[in-house]
Amino acid sequence: MAQQINLLTPILLAPRRYFSALTLLQATGLLLAVGLVAALWLQQRERRTEVEHQALLAQYATERQSLLVARATLPPPQDAVAVQQQLLPLEAGNAERLALLGTLGADSGGKPGQRHSDLLALVARSLPEAAWLNELRYAPGRVELVGGTLDTAVLRPWLTQLGTHPLLAGQVLSALRVDRLGAPAAESGNHPLLASGSSLAGTTLPVWAFRVVSAPAAAASAASGASR
């Protein structure tokens, strides 16, 4: 009887091993390498964090020292009553400035010919050639002019012309005071009009200083009657 012999039986083949010693050794080496790299990276990061932490501590110490120095240089606390007393003059000054701004604002919308700028323009146009102004002060109800002249005869007509301005209605420019300063070349003195740097320092003409203050018309009339 014929028999068949199969020499390729799978049982006779060498079994396949998925986790051999070599594979395990390679995997272990790979894990060790990865762990070593991770450990080095973490160590480097920890060092960097420590350096940043030390820098922050040094900055904090510097700022704290600066704060202590600044607190030491602060002035002592002031009494509330003393501070209030110091504020009173400032508040009064602010009130005056607000009133002045209100006056200027009202003046900017006034009628032509009744504005403060119109009065200044009239003073500039009508000022005689032989006279000059050093100071002009204006407030509602009062005008003050301070200056000098080489001829006192030009003052009265000029003041009469200024008295026709609407802003000077009810006022008279009669309080006129004239003082002779002398000839600058001979009697210079200490007056600013006769200083060495002035344009009058080299002339020999007499110089007169004048000061004009306005007064209400009724008061000026009473003063004139009393003088008679």
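Residues numbered from 1 in each chain as written. Predicted model: local features only at pLDDT ≥ 70, side-chain atom pairs only at ≥ 80, totals over all residues. Heavy atoms only, no water.

1. Digging into helix H3 (residues 116-126)
The line we're drawing: Only protein chains enter the accessibility calculation, which uses a 1.4 Å probe. A residue is then buried if its area is under 20% of the maximum for its type, exposed if over 50%, and partly exposed in between. Every helix listed is a DSSP run of H or I at least four residues long, and every strand listed is a run of E at least two residues long, numbered separately from the N terminus. By definition, the arc is the one covered by directions from the helix axis to the C-beta atoms.
Among the residues of H3, His116, Asp118, Leu119, Leu122, Val123 and Ser126 are the ones counted as buried. Take H3 and look down its axis: the buried residues cluster within an arc of 160 degrees, on one side only. Across H3 from its buried face, at more than 90 degrees, point the exposed residues Ala124 and Arg125.

2. Comments concerning helix H4 (residues 155-162)
Restricting attention to buried positions, one finds in H4 the residues Leu155, Trp158, Leu159 and Leu162. Summarising the axial view, the buried residues of H4 lie within an arc of 95 degrees, below the 170-degree limit, and thus occupy one face. Relative to its buried face, H4 has exposed residues pointing more than 90 degrees away, namely Pro157 and Thr160.

3. What to know about the nonpolar core
Definition in use: Buried residues of nine kinds, namely Ala, Val, Leu, Ile, Met, Phe, Trp, Tyr and Cys, make up a nonpolar core once their side-chain atoms join them within 4.5 Å.
With 14 residues, the main nonpolar core has Leu145, Trp158, Leu159, Leu162, Leu168, Leu173 and Val212 as its most contacted residues. Contributing elements (two or more residues each) for this core: H3, strand E2 (142-149), H4 and strand E4 (207-216). Broken down by element, this core gets its largest block of residues, 4 residues, from H4.

4. A closer look at the packing of H3 against H4
Our working rule: Note on method: axes are straight lines fitted to C-alpha atoms, helices fitted across the in-contact stretch only, with angles between N-to-C directions ranging 0 to 180 degrees. What sets the label is the angle itself: under 35 degrees gives roughly parallel, over 145 gives roughly antiparallel, 65 to 115 gives roughly perpendicular, and the rest give oblique. A clockwise turn of the near helix away from the far one marks a right-handed crossing, whereas an anticlockwise turn of less than a right angle marks a left-handed crossing. By definition in these notes, contact holds between two residues if any of their heavy atoms fall within 4.5 Å. Gly falls in the polar group here, along with every residue not listed as nonpolar (Ala, Val, Leu, Ile, Met, Phe, Trp, Tyr, Cys, Pro) or charged (Asp, Glu, Lys, Arg).
One can describe the packing of H3 onto H4 by two numbers: an axis separation of 10 Å at closest approach and a directional angle of 155 degrees. Classified by the interaxial angle, the pair formed by H3 and H4 is roughly antiparallel. For the element pair H3 and H4, the recorded crossing hand is right-handed. Contact residues: Leu122, Val123 and Ser126 in H3; Trp158, Gln161 and Leu162 in H4. Its residues assigned to classes, the contact of H3 with H4 shows 4 nonpolar, 2 polar and no charged.

5. Observations regarding the pattern of salt bridges
The criterion, for reference: Whenever a carboxyl oxygen of Asp or Glu lies within 4 Å of a side-chain nitrogen of Lys or Arg, that contact is scored as a salt bridge.
Considering all chains together, one arrives at 2 salt bridges under this definition. Between Glu135 and Arg137 there is a salt bridge, with its nearest N and O atoms 2.3 Å apart. Ionic pairing is found between Arg211 and Glu144, a salt bridge with its closest N-O pair at 2.9 Å. Placement of Arg211 in strand E4 and of Glu144 in strand E2 is noted, with a sequence separation of 67 residues between them. With relative accessibility at 38%, the residue Arg211 sits in the partly exposed group. We classify Glu144 as buried; its relative accessible area is 6%.

6. With respect to the confidence of the model for the chain
Here is the rule we go by: On a scale of 0 to 100, pLDDT captures the predictor's confidence in every residue.
In this model, the chain carries an average pLDDT of 76, and 68% of its residues clear a pLDDT of 70 or more. Here helix H5 (residues 217-227) stands out as the least confident element of the chain, with mean pLDDT 47; helix H1 (residues 21-73) is the most confident, with 92. The model gives residues 183-199 a pLDDT under 50, and that stretch makes 31 contacts with residues more than four places away or in other chains. Confidence over residues 219-228 falls short of pLDDT 50; this stretch has 2 contacts with residues more than four positions distant or in other chains.

7. Side note on the pairing of E2
As a reminder of what qualifies: Strand pairing is defined by DSSP finding a minimum of two bridges between the two strands.
Extensive coverage of E2 is indicated by the burial of 6 of its 8 residues. Of the pairings in the sheet, the one linking strand E1 (residues 131-139) to E2 comprises 8 bridges and is antiparallel in character. Counted as the bridge partner of Leu133 is Gly147 from E2. Between E1 and E2, which pair antiparallel in sequence order, lie 2 residues; one of them, Gly141, sits at a positive phi of approximately 95 degrees. Alignment of E2 against E4, held across 6 bridges, turns out to be antiparallel. The residue bridging Gly148 from the neighbouring strand is Ala209, located in E4.

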